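Chain and residue survey
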Amino acid sequence: MIPIAVQGASRERKRQRPKGRQVDAAALQQVQALLGELPRRRDLLIEFLHLIQDAYGCLSAAHLAALASELRLAQVEVFEVASFYHHFDIVREGELSPPALTVRVCDGLSCEMAGAGELLARLPALLGREVRVIPAPCIGRCDQAPAVLVGQRAVEVAGCASVSAAVALEASGQAVARVGAAPTGGDGGNFAVLGECLSGMRSVEAVIGELEASGLRGLGGAGFPAGRKWRIVRNEPGPRLMAVNIDEGEPGTFKDRFYLERNARQFIEGMLIAAWAVGIDEIYVYLRDEYHDCRKLLERELAQLDAGALRIHLRRGAGAYVCGEESAMIESIEGKRGMPRLRPPYVAQAGLFGRPTLEHNFETLYWLPEILAKGAAWFASHGRHGRKGLRSFSVSGRVKQPGVKLAPAGITVQELIDEYCGGMQDGHRLYAYLPGGASGGILPASLNNIPLDFDTLQPYGCFIGSAAIIVLSQEDSARAAAANMMRFFRHESCGQCTPCRVGTAKAAELIEAPVWDAVLLGELSQVMRDASICGLGQAAPNPVDCVLKYFPHEVTR
Ligand code: SF4
């Protein structure tokens, strides 16, 4: 038996040692070297995790502990953030590091239809053990389906041969040279409209009035009137912040990347006009991690910009669809897990760092200079079937010419396919279409005459969202499309609330059955719609409900 006095001394010694994993001196030195003079702020946690992963290919337990020590955070706080995001590879003690190169094959619906499954089956044997091949949710290149990322670079015409060639290039180090050939951002954007604002030629009231007259609505999916949002945030006390959403994670959507690659300066001018009109002090631009070349492009453009006292920060996502939701994105910018907030308070009142925040999708800001230069009447003069304005449709699937199509708001899917996409692919006829990406539902070919716009699809159990149109033919099935979507939602649910976390998993399981239990699925949908915290869980049942409503022959006997 140990004498009582010695037990006391032992307890004392234990109290003096910090609890948990001890910080490794070598790992701490490595982390300190990577962070350099950067401020040790909590909101930079995700940026720091990227720095470590970029340098070492993964996040080791020793590096996570060192980072926690450096930021004066509990280790669990660092670990819970690192483990939330799909792009961070955590290597626990005793585990092997992942291979130096990762190939991500998108298994989203458009890519699945274009042969992603075959690539996933064949590439591992072809590329060998030195390369890791993994499925990935939509990477924003549905027009080039099947889309593949080799490391951080997209492969065009993705077949086994082109992926193998890209892997060889990456392994040889020559891929870096391609950055020069990467998107330049175009030479547009002379900042003339911004100049008129700053010089007093245009007043804030006139600019907001023009915006309201144009009818421009948020183009990220929610469709909130842009002018009204400006007034709301402007009326809040300063300092006010802006958060720009370029997360573009909705499967089927790639319009923001398309415009960013071609004319980054038009977007930057729009962002600065909005900041001037609303009285913004700092801007945070949140860009999805998959858009590597766009990040380089924006870094260059922002480095050259003289924005006066306005501070602009570029933040890098880390692979989480839910961060496209405005409050989840704000959490992520603050260096936390991307979990949507309960509202109220709304982000316009208490958003980023608790300050009133103007949150905008990339494309909404992109159109501002053009609308102001050409006038509200120009924008509103477009439109069909009683609708007004222009929409950028991301079209993919069984059409001859997929891509971003700038078309009148209210155009029907048939008109879009015939007039803008060169028709259906040879041998294919329209069977079904998704009017709003993964969450916008599925409609049959017989409803090919509905105007595509905000508010026109709700009576059919659908919505336009970010205008991602995925076209299915007689070679496809709505049931398989719904299964693809539900697997995606199960993967992307942040897990915060039970109806979504358990509901997406349960629905994905139920729709594997040859005959669907319509009553049970209906009840599940209702619970998810009524009780989920954010749009992900609320909209996840849409594809399943649409299959039951419009394609019952596929799931019943
Ligand atoms: Fe998270 Fe889903 Fe709940 Fe949204 S609905 S908060 S994604 S669990």
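Look up a bit, the structure's there.
We now turn to the structure provided with this report.

Rules used throughout
Residues numbered from 1 in each chain as written. Predicted model: local features only at pLDDT ≥ 70, side-chain atom pairs only at ≥ 80, totals over all residues. Heavy atoms only, no water. Helix = DSSP H or I, 4+ residues; strand = E, 2+ residues; numbered from the N terminus. Rg over C-alpha atoms; globule rule 2.2 N^0.38 Å. Buried < 20%, exposed > 50% of the residue type's maximum accessible area, 1.4 Å probe, protein only. Contact = heavy atoms within 4.5 Å. Areas by Shrake-Rupley, 256 points an atom, 1.4 Å probe, with all protein chains shown as cover. Lys, Arg positive; Asp, Glu negative; His and termini not counted. Charge placed at Lys NZ, Arg CZ, Asp CG, Glu CD. Near = heavy atom within 4 Å. Nonpolar A, V, L, I, M, F, W, Y, C, P; charged D, E, K, R; others polar. Expected span 1.5 Å × (residues − 1). Arc of directions from axis to C-beta. Pairing = 2+ DSSP bridges. Axes fitted to C-alpha atoms, helices over the stretch in contact; angles between N-to-C directions. Parallel < 35°, antiparallel > 145°, perpendicular 65-115°, else oblique. Left-handed = near helix turned anticlockwise from the far one by under 90°.

Examining the overall build of the protein
When its secondary structure is counted, the protein shows 24 helices and 15 strands. Computed over C-alpha atoms, the radius of gyration of the protein comes to 25 Å, within 12% of the 24 Å expected from 2.2 N^0.38 for 557 residues, which places it in the range of a compact globule. In terms of overall dimensions, the protein has a C-alpha envelope of 90 × 70 × 50 Å along the principal axes. Relative to its full complement of 557 residues, the protein shows a buried share of 54%. A fraction of 71% describes how many contacts in the protein between residues 6 or more apart in sequence connect residues 24 or more apart. As presented, the protein carries roughly 23400 Å² of accessible surface, and 53% of it is formed by carbon and sulfur atoms. Distance from the positive charge centre (59 side chains) to the negative charge centre (62 side chains) of the protein: 4 Å.

What about the site of the ligand?
The full set close to the ligand counts 13 residues, and Cys 494, Gln 496, Cys 497, Cys 500 and Cys 534 are the nearest of them. Within the shell around the ligand, the residues separate by chemical class into eight nonpolar, five polar and no charged.

A look at helix 7 (residues 116-127)
With 12 residues, helix 7 should reach 16 Å at 1.5 Å per residue; the first-to-last C-alpha distance of 16 Å fits that figure. Along helix 7, the residues classified as buried are Ala 116, Leu 119, Leu 123 and Leu 127. Angular distribution of buried residues about the axis of helix 7 spans 40°; they occupy a single face of the element. Opposite the buried face of helix 7, at more than 90 degrees from it, the exposed residues are Glu 118, Ala 121 and Ala 125. Backbone geometry just after helix 7 places Gly 128 at a positive phi near 85°.

Observations regarding the sheet that holds strand 7 (residues 240-246)
Ordered in space as 9-8-7-10, the four strands form an open sheet in which the pairing is parallel. Edge positions in the sheet fall to strand 9 (311-316) and strand 10 (357-361), since each of these pairs with one other strand and no more. Direction aside, neighbouring strands of the sheet carry axes that sit 20° apart on average. For strand 8 (residues 280-287) and strand 9, the ladder comprises six bridges, and the chain directions are parallel. In the sheet register, Glu 282 faces strand 9, and the bridge partner there is Arg 311. Packed on one face of the sheet, helix 11 (residues 226-234) meets strand 7 and strand 10 and runs near 160° to strand 10. Running over the sheet, helix 14 (residues 292-304) touches strand 7, strand 8 and strand 9 and is turned about 165° from strand 9.

Some words on the packing of helix 19 (residues 478-492) against helix 23 (residues 542-550)
Contact pair helix 19 / helix 23: the axes reach a minimum separation of 8 Å and the direction vectors enclose 165°. With respect to their mutual orientation, helix 19 and helix 23 come out roughly antiparallel. Of the two possible hands of crossing, helix 19 and helix 23 adopt the one that is left-handed. Between helix 19 and helix 23, the contacting residues are Ala 478, Arg 479, Ala 482, Met 485 and Met 486 on the first element and Pro 543, Val 544 and Val 547 on the second.

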